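Working through the structure, step by step
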Amino acid sequence: MTQSDYKEMYFLNPSIKHNGYASYPIRLSIRKAIEELKNKIEGEVIDIGCGVMPYKELLIQNNKISKYTGIDWEGGSYEHISKPDLYWDGRKIPLSDNSVDWVIATEILEHYFDTKSILDEIKRVLKPGGKLFFTVPFVMTLYEVPYDEFRFTPFSLQKYFELVGYSKYEIKPLGGINFSLAIMYGNRVQNKSLCKVLRKILPILLHPFYVLLIKKDLKTEFINSAYPSGLFGFVEK
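Residues numbered from 1 in each chain as written. Predicted model: local features only at pLDDT ≥ 70, side-chain atom pairs only at ≥ 80, totals over all residues. Heavy atoms only, no water.

Ranked by size, the top nonpolar core spans 27 residues in total, and within it Ile48, Val103, Ile122 and Phe134 carry the most contacts. Contributions of two or more residues to this core are made by strand E1 (43–48), strand E4 (100–106), helix H4 (115–125), strand E5 (126–137), helix H5 (154–164) and strand E7 (230–236). When residues no more than four places from it in sequence are discounted, the contact partners of Phe134 are Ala105, Leu109, Leu157, Phe161, Glu170, Ile171, Leu231, Phe232, Gly233, Phe234 and Val235. Counting residues in hydrophobic clusters, the runner-up holds 25 residues, among them Ile30, Ala33, Val52 and Leu174. (Core = buried A, V, L, I, M, F, W, Y, C linked by side-chain atoms within 4.5 Å. Buried < 20%, exposed > 50% of the residue type's maximum accessible area, 1.4 Å probe, protein only. Helix = DSSP H or I, 4+ residues; strand = E, 2+ residues; numbered from the N terminus. Contact = heavy atoms within 4.5 Å.)

Right, here's the structure in full:
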C-alpha cells in the first residue's frame, strides 16, 4: 500500500471497511473538523505528532499556507510509512519563539500528563495572534498504552487555556451521543473477549442500526447528560 493510498483510506475518505466499526466515527468526525480548519488556516504551519501528515495535501489546497512542517518522534509508529520533516522529544518543539502562524495537534494532548507544559510550549512557538487547532477523544478505549493520560471535558480544556494565557478559544464537539454509541458498539463487537461467532454475526445483524446512528447523529451542547464523542477547537495566542 502506498502512502497516498493509506492516507486516503484511513483518514481522508474513511470507511467502515478500512477503519472498523470503532474507529470509523472517530476518523469521520475528525475529517469533518479538518474541513472547518481548511477555511481558516494560513501562513507557516507545524503539525506536531504528525504521523503520516494525512491532512497536509487537503489543507494546502486553500493556497494560503506558505510552509507546512510535520514534527514527530523518532522511531514513531508511522515512520515506516512516512518520515516527519523534523524530530522532537515530545516536549521541546525544535523551533524559535514566535515563529509559526498555526499549530495542528490532532489526538495529541491526551498523551501529556503535564497538559500545561505542552500548551506553554505550543504558545511559545506561535506568533502573536497565532492559532492552535486541536482534537481530543472523549469516548475512546485506552490506546498507545501506557502513554494515554486524559479524557478532557470542554470545561477542563477551557481552564487550561486560561491558565496558560491564551487570549481566545473555541471548543466544539466532534460528534454527539449517536457517534459515542457507535464507537462503543464498535469496540464491543470487535473485542476479542466476545466469542468468534458473535463477532461475526453481530456486525451483520446490527449494521443497519449502526449506519443509522452515524447518519442521524444528534447536535450536542455542553450541558448535563451530554455525551460528545470527542472535542475539537481553535485557540488563539
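Continuing now.
So, on to the sheet that holds strand E3 (residues 86–88). Taken in spatial order, the 7 strands make up an open sheet running E3-E2-E1-E4-E5-E7-E6, and their pairing is mixed. Sheet topology places E3 and strand E6 (168–175) at the edges, where each strand pairs with a single neighbour. Taken over all neighbouring pairs, the strand axes of this sheet differ in orientation by 20 degrees on average, direction set aside. The pairing of E6 with E7 spans 7 bridges and is classified as antiparallel. (Pairing = 2+ DSSP bridges. Axes fitted to C-alpha atoms, helices over the stretch in contact; angles between N-to-C directions.)

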